[in-house]
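# Topology and contacts: notes
These are the residues of each chain, in order.
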Amino acid sequence: MTEELFREDATLAECEARVEAVDERGVRLDRTVFYPHGGGQAGDRGELVLPAGGVVAIADTRKGEAPGEIVHVLADPADAARLAPGMPVRARIDAARRRAHMRFHTATHLLCAIVPHQTNGCSITAQYARLDFDMVEPLERELLERELARLVDEAHGVRTVWITDAELDAKPELVRTMSVQPPRGLGRVRLLEIEGVDLQPCGGTHVANTREIGKLKVAKIEKKSARSRRVVIEFAD
Ligand SMILES: [Zn+2]
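Calculation criteria
Residues numbered from 1 in each chain as written. Predicted model: local features only at pLDDT ≥ 70, side-chain atom pairs only at ≥ 80, totals over all residues. Heavy atoms only, no water. Helix = DSSP H or I, 4+ residues; strand = E, 2+ residues; numbered from the N terminus. Rg over C-alpha atoms; globule rule 2.2 N^0.38 Å. Buried < 20%, exposed > 50% of the residue type's maximum accessible area, 1.4 Å probe, protein only. Areas by Shrake-Rupley, 256 points an atom, 1.4 Å probe, with all protein chains shown as cover. Lys, Arg positive; Asp, Glu negative; His and termini not counted. Charge placed at Lys NZ, Arg CZ, Asp CG, Glu CD. Donors = N, O, S within 2.8 Å, 3.2 Å for Na, K, Ca; no water. Tetrahedral: all angles 85-135°; square planar, octahedral: opposite > 155°, others 65-115°. Phe/Tyr/Trp six-rings, centres within 6.5 Å; stacked < 30°, edge-to-face > 60°. Lys NZ or Arg CZ within 6 Å of the ring centre and 35° of its normal. Axes fitted to C-alpha atoms, helices over the stretch in contact; angles between N-to-C directions. Parallel < 35°, antiparallel > 145°, perpendicular 65-115°, else oblique. Left-handed = near helix turned anticlockwise from the far one by under 90°. Contact = heavy atoms within 4.5 Å. Nonpolar A, V, L, I, M, F, W, Y, C, P; charged D, E, K, R; others polar. Pairing = 2+ DSSP bridges.

## Looking at the overall build of the protein chain
Broken down by element type, the protein chain carries 5 helices and 15 strands. Taken over the C-alpha trace, the protein chain has a radius of gyration of 19 Å; the compact-globule value for 237 residues is 18 Å, and the two agree within 12%. Each principal axis of the C-alpha atoms in the protein chain carries an extent, and together these give about 55 × 45 × 35 Å. Across the 237 residues in the protein chain, those meeting the buried criterion constitute 46%. When the accessible surface of the protein chain is totalled, it reaches about 11500 Å², and 51% of it is carbon and sulfur. Charge-centre separation for the protein chain: the mean point of 34 positive side chains lies 3 Å from the mean point of 38 negative side chains.

Structure (structure tokens):
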């Protein structure tokens, strides 16, 4: 199990860690700031700084086969020979790229709040965010852009809250207001709250305030199928 420092503090760009296992496919660390591809959000890139100096480039981060396992994918598989179990390293993400993921990811929550329909697909990269809505009605670009800009300008706080299954059972009205239904049976669920705007289960990384998202534009709205509308957003600056 890798300690997931990015869950508690998404602003961490680096950390000290120790290599637990390494092979050509990737590196497992005891703790990490690298977010593994999941929930639509791309995995982090970055580097591991070696104790003797020099760096090993990480091309992607993926969930491993075992629960809680995080694999730092080597850009050059031959670098596996430069690492060994027990070795201390400094794990450092590409912070600018991650920052874009956090801004876009938080923006997808705003879109969920604006469009009152279930989503059935999501992709968050450093260049764009794409969200597929389960709906037949057309969507209007100007309206989406205006509402996104309003919620960004209103500077809503963004925070993580944990809730137990028992608390969820006691508050059915809370579950009804969520745009995505929380998973049950895990004991407790991590929720992402954008104060006064959106509340839904999410394990991704987000900015701390909607104002940090900045200016957005709706790059594309397409009819993906009879029952699905796709919205692609990009940064306007
Ligand atoms: Zn999220």
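Continuing now.
## Some remarks on the coordination of the zinc ion
Listed as protein donors to the zinc ion are H105 (NE2), H109 (NE2), C202 (SG) and H206 (NE2); their distances from the metal cover 2.0 to 2.1 Å. Of note is the zinc ion, whose 4 donor atoms meet at the metal with angles of 100 to 122° in an arrangement that counts as tetrahedral. The sequence pattern describing where the donors of the zinc ion fall on their chain is H-x3-H-x92-C-x3-H. In this pair, H105 is assigned in helix α2 (residues 95-114) and C202 in the loop between β13 (198-201) and β14 (216-225), connecting sequence segments 97 residues apart. Across the pair, C202 and H105 agree in class, each one buried.

## Focus: the packing of aromatic side chains
Tallied over the entire structure, the rule returns 2 aromatic pairs. Aromatic pair F6 and Y35: ring centres 5.5 Å apart, planes at 80°, arrangement edge-to-face. Of this pair, F6 sits in helix α1 (residues 5-8) while Y35 sits in the loop between β4 (31-32) and β5 (46-49), and the two are 29 residues apart along the sequence. Relative accessible area serves as the criterion here: at 4%, Y35 is assigned to the buried category. The ring of F235 has R103 lying over it, and the distance from NZ or CZ to the ring centre is 3.8 Å. Sitting over the face of the ring of W162, R188 holds its NZ or CZ atom 3.8 Å from the ring centroid.

## Side note on the packing of α2 against helix α3 (residues 141-153)
Two elements in contact, α2 and α3, have axes separated by 10 Å at closest approach and are oriented at 120°. The angle between α2 and α3 falls in the class oblique. Classified by chirality, the crossing of α3 by α2 is right-handed. Together, A107, L110, L111 and I114 of α2 and L144, E147, L148, L151 and V152 of α3 make up the contact between the two elements. Residue classes in the contact of α2 with α3 are distributed as 8 nonpolar, no polar and 1 charged.

## A look at the sheet that holds strand β11 (residues 158-164)
Here we have 3 strands laid out as an open sheet, ordered β11-β12-β13, and antiparallel in their pairing. This sheet does not close on itself; its edge strands, each paired only once, are β11 and β13. When strand polarity is set aside, the average angle formed by the axes of neighbouring strands in this sheet is 25°. As judged from the 7 bridges shared by β11 and strand β12 (residues 188-194), these two strands associate in the antiparallel manner. Paired with R159 across the bridge in β12 is E193.

By themselves, these observations are geometric and do not establish any function.
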